[in-house]
Amino acid sequence: MKLVTAVIKPHKWEEVREALAAAGVAGMTVTEASGYGQQKGHTEVYRGAEYDVSLVPKIRLEVVVDDADVESVVATITSAAQTGKIGDGKVWVIPVDSVVRVRTGETDEAAL
Amino acid sequence: MKLVTAVIKPHKWEEVREALAAAGVAGMTVTEASGYGQQKGHTEVYRGAEYDVSLVPKIRLEVVVDDADVESVVATITSAAQTGKIGDGKVWVIPVDSVVRVRTGETDEAAL
Amino acid sequence: MKLVTAVIKPHKWEEVREALAAAGVAGMTVTEASGYGQQKGHTEVYRGAEYDVSLVPKIRLEVVVDDADVESVVATITSAAQTGKIGDGKVWVIPVDSVVRVRTGETDEAAL
Amino acid sequence: MDTGDTAWILASSALVLLMTPGLAFFYGGMVRSKTVLNMMMMSFSALAIVPVLWVLYGYSFAFSPGGNQFLGGFKRLGLQNISVDTAYGTIPEYVFVGFQLMFAIITLALISGAIADRAKFSAWIVFSVVWITVVYFPVAHWVFDFGDNGGWIATKLKAVDFAGGTAVHINAGAAGLALALVLGKRVGWRRDPMRPHNLPFVLLGAGLLWFGWFGFNAGSAVGANGLAGLAFVNTAVATAAAIIGWLAVEFFRDKKGTSLGAASGAVAGLVAITPAAGALSPFGSILLGLVAGVLCALAVGLKYKLGYDDSLDVVGVHLVGGLVGTLLIGLLAVGDGLFYGGSLDLLGKQFVAAFVVLAYSFVLTYVIGKLIDVTIGFRVSEEDEVTGIDQVEHLETAYDYAGSSSGGSNLLKEL
Amino acid sequence: MDTGDTAWILASSALVLLMTPGLAFFYGGMVRSKTVLNMMMMSFSALAIVPVLWVLYGYSFAFSPGGNQFLGGFKRLGLQNISVDTAYGTIPEYVFVGFQLMFAIITLALISGAIADRAKFSAWIVFSVVWITVVYFPVAHWVFDFGDNGGWIATKLKAVDFAGGTAVHINAGAAGLALALVLGKRVGWRRDPMRPHNLPFVLLGAGLLWFGWFGFNAGSAVGANGLAGLAFVNTAVATAAAIIGWLAVEFFRDKKGTSLGAASGAVAGLVAITPAAGALSPFGSILLGLVAGVLCALAVGLKYKLGYDDSLDVVGVHLVGGLVGTLLIGLLAVGDGLFYGGSLDLLGKQFVAAFVVLAYSFVLTYVIGKLIDVTIGFRVSEEDEVTGIDQVEHLETAYDYAGSSSGGSNLLKEL
Amino acid sequence: MDTGDTAWILASSALVLLMTPGLAFFYGGMVRSKTVLNMMMMSFSALAIVPVLWVLYGYSFAFSPGGNQFLGGFKRLGLQNISVDTAYGTIPEYVFVGFQLMFAIITLALISGAIADRAKFSAWIVFSVVWITVVYFPVAHWVFDFGDNGGWIATKLKAVDFAGGTAVHINAGAAGLALALVLGKRVGWRRDPMRPHNLPFVLLGAGLLWFGWFGFNAGSAVGANGLAGLAFVNTAVATAAAIIGWLAVEFFRDKKGTSLGAASGAVAGLVAITPAAGALSPFGSILLGLVAGVLCALAVGLKYKLGYDDSLDVVGVHLVGGLVGTLLIGLLAVGDGLFYGGSLDLLGKQFVAAFVVLAYSFVLTYVIGKLIDVTIGFRVSEEDEVTGIDQVEHLETAYDYAGSSSGGSNLLKEL
Ligand SMILES: Nc1ncnc2c1ncn2[C@@H]1O[C@H](COP(=O)(O)OP(=O)(O)O)[C@@H](O)[C@H]1O
Ligand SMILES: Nc1ncnc2c1ncn2[C@@H]1O[C@H](COP(=O)(O)OP(=O)(O)O)[C@@H](O)[C@H]1O
Ligand SMILES: Nc1ncnc2c1ncn2[C@@H]1O[C@H](COP(=O)(O)OP(=O)(O)O)[C@@H](O)[C@H]1O
C-alpha cells in the first residue's frame, strides 16, 4: 500500500474530492497547510509598516491506497487540481507497511 | 524505525494519549485534521440555503517508534480510540530512514 | 527521493526558512501542530479550576528532497532550529517513491 | 428649548451613530473571513464621508428653509446661520443636525450588503459621494422636512413615516437591488460555500443595531415624551414578534431555528416598525412584527429564484421590511388605518410614498452605478475576488490567531 | 410629566436592553466553540418571547392597578388603558412599561447560564413562557409595584431592593440551581476540558453588561436626580471593589489574577450593588463590593464540592451576589443599617424578602423543569451533546475562519 | 437642578464608562493573540482601581473646594459633605462625580498601549495607583476645576480645553512615551511580525470609543444645550475628516486604504477635537480633523526613526493628536483664534497649557516608572515574553476554537 500526499490550492479541493470519489476513493484525511515555493506571497501594511507574507494557504490531502491504484489516484488528483498557474502544488507517494481500521481492527486492503 | 500515523475521533485523544504514555511512548506530534469517509457529515442552514458539510473533525497523531514497538503502539492506539461506531479512523505505518533530536543532534533510537 | 519532516519551535521557523533557502531548498509545506514530549505544558486556571495543558505549539515542515540532499537538509534544519533547550523538536526522513508537480505533470527530480 | 427633550435627542443621536459600527458587524460576520474588512470598511467609510458632506451642504439640501417641496434651500450651507441658540422645535438646531446626520450615514452603509466581496473600494467611495448627494439628501427632504417649504411627502401627501421606512429602508433596499444588478454575481455564487464566517459577530451586530434603533425610533419623537415611550414599546415588541415570525418559518421548513434567523428576524422587525412606531398600538405592533418576520424570511429566497446576488439580503430585509411597515400602517394605524375603521385614503398615501421612493432610488442608483462601472469600473478582477478583497483592496487580513507561530510573515519596511 | 426624568428613563431602558446581548457574549465566550450559538440563542430568545408576553399580560400581572399584594390586576392586559398622556410618577407610563420590560428579559436570560450546552431549544422556549409567567411576573409585582394594591415586599414588608437584588438576581440564581439539578451534569463534566473558548467575548459581555447596568441601577431612581447620581457612583465603585476582591482571592490562591476573574468580579459587584445602590454611601459600597467579590470568588467552587453542574455559575455569582447585596443592606444602609446604629429590624426584613423569593423561585422552577423533562424532555441526547448542540439544535456552526479553503462544505439547496 | 441637564450627564457618564472596554478592544485587537488578555486587563484593571481611589481621595484632590490652584482640598475625602441634594451647577454633584470619574479611568488605560506585551501585571497595578494619584488627580484639578480655588489652567491661564486635550490625551501620551522608554523594546521588535491579531476587534473598539466619545465631548458642556449640540456635531465631523486625512496619507503612500488606518484616523480625530469641540465651528472642525488625520498618520512612523517601542502608538495618536487639537484652537477658535482675527494671545496660552502638562506628565511618569523598575521590576522575563504574557501573568489563553478536539488540556483540580 501507498500513502499519496497532495498539496493543492484550496479552491480546488471540492473538484479533487469529486474526482476522487468518482474514481472510487472512499476516504481521505485533510489538513490545512501553508506552502512556500515559487508562488509568491503578498504584502500587508499595518500603520505604515510593511509585512511580507511568504506563505500561501494550501490544502493537504492524505489518501492511503492499494498499490494497484496509486497511479490512477495520482493522475486523478493531478488533473483535477491543475490550473496551470504557479502554485498548483505537489503530489508525493510514500510506501506504507500496514493500515488498520480502528473501528474493526481490519488491516491492509480491508481497512481502506 | 517506523512512523505510526493515526487519525482518530477528537474526543478520544485524551484516552489515546494516556494509553500511549502507559505503554511508554514519551513523545508525539498532533495536528488538527478533517476526515472524509463513510462517516457522514451534516447539514447546515443559513438563511434558508442548505449546506452539506462533508468533512468531520479528526485528530491526527504522528509517533515515530522503534521497529520493535510498532505492533504494540498500533494496538494501543487502536484499542484506546475504538468506539465501534463508523468514523473511528485509521492507523497506518510508514518506514523511517532516520530521526534526529534537534536539541542534541542524537539520531535514531537515541532521538526518541 | 526522501521526505524530510521537521517539528520545530514556532519562533524558529523564520530562521529555518532562511537557512533552507540559503541551502537551495526552494519549496516546502508547513502545518501548525502541537507537540507532546519532555517539554512540559503549562497550567491554566479558569474560575479556580486548574487545567493542565499538555500540548505545546509547534511548526511542522515537510520538504521533499533529492536523495543526495537529505543529509545537508537535515543538518541545516537541525542547526537552524536548535536552541539547546528541551522541546527543540525532531526531524525524520522517509523514503518517497515519486513526486509530481501538479501544474506541469513533471515528476521526480524535475518536480522539486 | 427644553433640556429634557435635548438630553434625549443627544442620547438618541449617539445611539444611532452606534448603529453603523453595529451594521459593520452584522454584515461583517456574514461574509467570508477573507472579505470581512472590506465589508466593514464600507460602513466605516460612510462614517467618514457623510458627516463632511452633511456639514458642507447635505443638511442644507435636506432641511434648510427657503427651498421647495423637492429640495431644501441654501441657507444652511456649511451650517451657516445656526448658533448654539438656534432652536428646532424644543431642541437646539445643532442637536437636530447631529441626529439627522446619523440617519444619512446608516442609510448609505445599509446598501453595501448587496455588493459584498466584490466592489472596488475607490468605486464605492465615488458612489457614496454621488449617491448620498443625489438620492439621499433630496429624499430626506421629502420625508423628514415638515417645515414651511418642507418635503412633499411630509407636508403635501402627508403619508406616515415616523422614523424612515421610506427614506431609509425602502431607499437603501431599492439602491441595493440596483447595485447588485449593476455589479453582477460573485464568482462562485450558488456553487462555492459562502456561509457566515463568524455568527457571534452577526449577533453582536444585531444587538448593537437593536440598541441603537431605540434612538432611531423613540428619538424620532424629537422629544422625551409619551410618544417616544410608545415608539419605544412598539419597537421592542415588533422586533420580538418578528423574531418569532422568522423562526416560525424556519421551524416549519427545517424543524429547527437558527441564530442567523433570529438576528435577521430582529432586524426585519426593527425595519418594519420604523415607519410605524408612532402610529400603532403595541398590540398592532405585534401583528406588524409577525408579518414582517414571516415575509422577510420568505423574501430572502427570492434572489435564488430571480437570480440576482443581493449578497446579504438588503432587498429581502430592508426593502421588503420597509414596504411591509410602510404599507401596514394603512391597515393598522390607530385612528385612520383600515382595521380601525379608516378609509383607503391612508393606505393609498402609503403606497404612493413607498413606490415613488422605491422608483426614484432604484432608477437613479442604477444609473449612478452604471456610470461608475463604465468609467472607473465598479468590480475588482476575478482573480482578486478569489484571492480575497481584504488583501487586495486593503492590504490586510482580518485575523492572525497563530501569531508569529504561523511563521510566514516578516517585517519588511517601516513607514 | 418631566422631560428630563423621561429622557433618563428612556436612555436607561435602552441601556438595560443592551444587557441581554451583553449577557449573550458574557456567557457565549465561556462555553466551548461548538455550543456558543445555543448559549447566545437562549438570551436572544428571551428578547423575542418576553416583550410579546409583557404586552399581552405580563405588565398587567406585575403592575396593573386593581390586583392584590401577590399579583397585579387585569386593567393593563394588552396594555389597555394607557395612552401617550398616561403618567407613572413624573414619566409617561409607556416609558415605565419599556423600562420594566427590560428587567423581565434579562432575568430570564440569566438563568440559561446554569444549563449550558445541553438543553433542547424547544424545551427552553416552553420553559421561558411558563417561568416568566408563573415566577417572574408575580415576583416583580411583589418587589417593584409600590402602588395601591402594590406588592407585599414593596408595600407591606418594606424591605429595601433598589433595582432588583431579589426579583432579578436571587430569583434567577435560585431558578438556575433548580434547572441545573433537573437537567443534570454535562457529559464529561469534571473530566473533559470545558474552558472558555473566547475570553475577549467574555470581557466584551462584561463591558456591555457594566455599561447597561448604569441604566439598570441609576435608572431605578425613575428620575434624573441626585438619587440616580448616588446609585451611579455606588454602582461604579462597588463593581471596582468587587473586581479587587475577586482578584485578591486569585492572587492569594494562584499567585496571579485572571481576566475571567476580573470579568466575573465585575458582574458579582454589579449584582451585589443592585439592591443597595440607593441605600448605601459610596464608602459603604466599597465594602459591599469587596465582600461580594471575595465571597462570589469562593462560591463558584461550591458546585464541585456539592456536585451540581451550574455550568456558568449562575448560583455562585447571581444567587450568592444577590444574597450578599440584599443582606448587607441590613448592615450598611445609611440611616437604618446595623452599622449606622439601626436595629436588627431592617436586616430581618431583608432576610425575609431574600429567602421567600429564593424559595418561591427554586420550588416552582424545579417543578416546571421536571414537568417539561418528563413530558417533552429537557435535554438533548448524549450523542448530540458530544457532537455539539449548535449543529444539532440550530443547524449552524459559529465560526468558519478557513472559508472555502476548508473545503468540506457545499451549497446543496436554496430556500 | 435641571433634570434635563442631569439626564444628559448621567447618559454621558455611562457613555464614557464604555470607552474603557472599547479601548480594551481597540488595543487588544492590535496585539498578538498570545498577549490580548493582558492588554485588555490593563484597561479592566483601571476600571477596578480608579473608582475606589476616586471615592477615597481622588475626587477631593481634583475638585474639592478649599484647595489651591495646584491641588484641590480635603473636604470631599471619602466623598464627604455631598448628599443627593448637593448641586454642581445645574446637576447633582454625585452626577458630576460619576462623570469625571470616567475621565480618570480612561486616561490611565490609554497609557497601557505604549507598553504592550511586556509589563508585569503587578508592576502595572502599582504604577496605576501611583500615577493616577501623583499625575492625574493634580492635572485634572488644573484643567477641569473652574471653581473658586480652581486649577491654574482653568482659572488663571484660561487656556481652552473643552473636554481634556491636555489632561487626558497629552497627559496619557507623554506618560506612554516615558513608560515605553523605561521598559524598552519588545523582544523581536522590528524583526518578528507583530501584526494585529484581530482587526475586527480593533474596529469594534474604535466604534465603541467613538460612541462613548459623544458623552465625553458633548457631555463636557455639563448640560443638555446648544453648546452640547455644537460639540456633538464638531465631534462627528472632525472624526470623519480625520479618517479622510489618515486614509489620504495611505492612498498616497500605498495606493490603498487600510481598515486599521480608518480606525486609527477616527481615534486621532476624536482626540484632536476633544479640547476644541466647544470652540470651533463645524467647518473649522473639518480642517482640524484633516490636519490631525494627516499628522497622526505620519507620526506613527516616528518610533521607527527614533527607536522607541511605543507599541500601539499612544504617542503618535494621543500625544500628537492632543497637541494638534490643543494648539489649533489658537488658530481656529471662533472669535479669538488667529484665523478669526484674534491675537497670538490664545495660541500662547494653548502652548503653555500643552507643554506644561506634557513636561509634568513625562518627567513624573519616567521617575515613577524607573522607581518601579529598579525595585520590583517592570518587565517580565524574556522567556515569559516569548511564551506570551497571557499564559504567564494571567494563567489563561484567549481562544480555544478547537475545543476539546484540541486534546491537550485536562481538568486537574477544582477550586
Ligand atoms: N520540496 C517541496 N517539498 C514539499 N512541498 C513542496 C515542495 N516544493 C513545493 N511544495 C509545495 O507545493 C506548493 C506549490 O509549489 P510552487 O513552487 O509554489 O509552485 P509549482 O509547484 O506550481 O511550481 C508549495 O506552496 C508547497 O506547499
Ligand atoms: N484511504 C484513506 N486514507 C487516509 N485516510 C482515510 C482513508 N479512509 C478513511 N480515512 C480517515 O479515516 C476516517 C474514518 O473513516 P470512515 O470511513 O469514516 O470510518 P471507518 O474507518 O470507521 O470505516 C476518515 O474520516 C478519514 O479521516
Ligand atoms: N516519538 C515521537 N514521534 C513524533 N514526534 C515526536 C516524538 N517525540 C517527540 N516528538 C515531537 O518533538 C517535540 C519535542 O520533543 P521533546 O521530547 O519535548 O523535546 P526534545 O526533542 O528536545 O527532547 C515534541 O513536542 C513532539 O512534537
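An unreviewed UniProt entry annotates chain D as Ammonium transporter of Aeromicrobium endophyticum. As its UniProt record puts it under Subunit (unreviewed entry), chain D is described as follows: "Homotrimer."

Taking an unreviewed UniProt entry as the reference, chain A is identified by name as Nitrogen regulatory protein P-II belonging to Aeromicrobium endophyticum. Its UniProt record gives chain A the following Subunit (unreviewed entry) comment, quoted word for word: "Homotrimer." Recorded in UniProt under Sequence similarities (unreviewed entry), the annotation for chain A is "Belongs to the P(II) protein family."

Undergrad: I would appreciate a short explanation of the pattern of salt bridges in the present structure.
TA: Oppositely charged side chains may form a pair once their charged atoms are brought near each other. Under the definition given, this model contains 57 salt bridges over all chains. Note that Glu62 of chain A and Arg60 of chain A form a salt bridge whose closest N and O atoms lie 3.5 Å from each other. Each member of the pair Glu62 of chain A and Arg60 of chain A is classed as buried. Asp192 of chain D is paired through a salt bridge with Arg191 of chain D; the nearest N and O atoms lie 3.0 Å apart. Look at Asp192 of chain D and you get partly exposed, because its relative accessible area is 22%. Through salt bridges that share partners, Arg60 and Glu62 of chain A, Arg60 and Glu62 of chain B together with Arg60 and Glu62 of chain C make up one connected network.

Undergrad: How should the site of ligand 3 be read in this particular structure?
TA: The full set close to ligand 3 counts 21 residues, and Thr29, Arg101 and Arg103 of chain B together with Gln38 and Gly87 of chain C are the nearest of them. Neighbouring residues of ligand 3 are not confined to one chain but are distributed across chains B and C. Take Gly27 of chain B: an N or O atom from its main chain is 3.4 Å from a nitrogen atom of ligand 3. One of the side-chain N or O atoms of Arg103 of chain B is found 2.6 Å from an oxygen atom in ligand 3. Relative to its free-state accessible area of 550 Å², ligand 3 is covered by the protein chains to the extent of 97%. Elements with a contribution of two residues or more to the shell around ligand 3: strand S2 (28–36) and strand S5 (56–65) of chain B together with strand S2 (28–36) and strand S6 (90–95) of chain C.

Undergrad: So what exactly am I meant to see when it comes to the site of ligand 1 here?
TA: As a matter of local geometry, ligand 1 sits amid 21 residues, with Gln38 and Gly87 of chain A together with Thr29, Arg101 and Arg103 of chain C nearest to it. For ligand 1, an oxygen atom lies 2.8 Å from a polar atom in the backbone of Gln38 of chain A. For ligand 1, an oxygen atom lies 2.8 Å from a polar atom in the side chain of Thr29 of chain C. Protein contact buries 97% of the 550 Å² of open area that ligand 1 shows by itself. No other element matches strand S5 (residues 56–65) of chain C, which puts three residues into the shell around ligand 1.

Undergrad: Help me understand helix H12 (residues 314–332) of chain D in this model?
TA: Since the α-helix advances by 3.6 residues per turn, residues separated by three or four positions end up pointing in the same direction. In this model H12 of chain D runs 25 Å from its N-terminal to its C-terminal C-alpha over 19 residues, within 8% of the 27 Å that 1.5 Å per residue would give. Across the 19 residues of H12 of chain D, 19 count as buried, placing the element largely inside the fold.

Analysis parameters
Residues numbered from 1 in each chain as written. Chains lettered and ligands numbered in written order. Predicted model: local features only at pLDDT ≥ 70, side-chain atom pairs only at ≥ 80, totals over all residues. Heavy atoms only, no water. UniProt positions renumbered as here; feature names shortened; annotations may be inferred. Salt bridge = Lys/Arg side-chain N within 4 Å of Asp/Glu carboxyl O. Buried < 20%, exposed > 50% of the residue type's maximum accessible area, 1.4 Å probe, protein only. Near = heavy atom within 4 Å. Polar contact = N/O pair within 3.5 Å; in protein donor to acceptor, adjacent residues only side chain to side chain. Areas by Shrake-Rupley, 256 points an atom, 1.4 Å probe, with all protein chains shown as cover. Helix = DSSP H or I, 4+ residues; strand = E, 2+ residues; numbered from the N terminus. Expected span 1.5 Å × (residues − 1).

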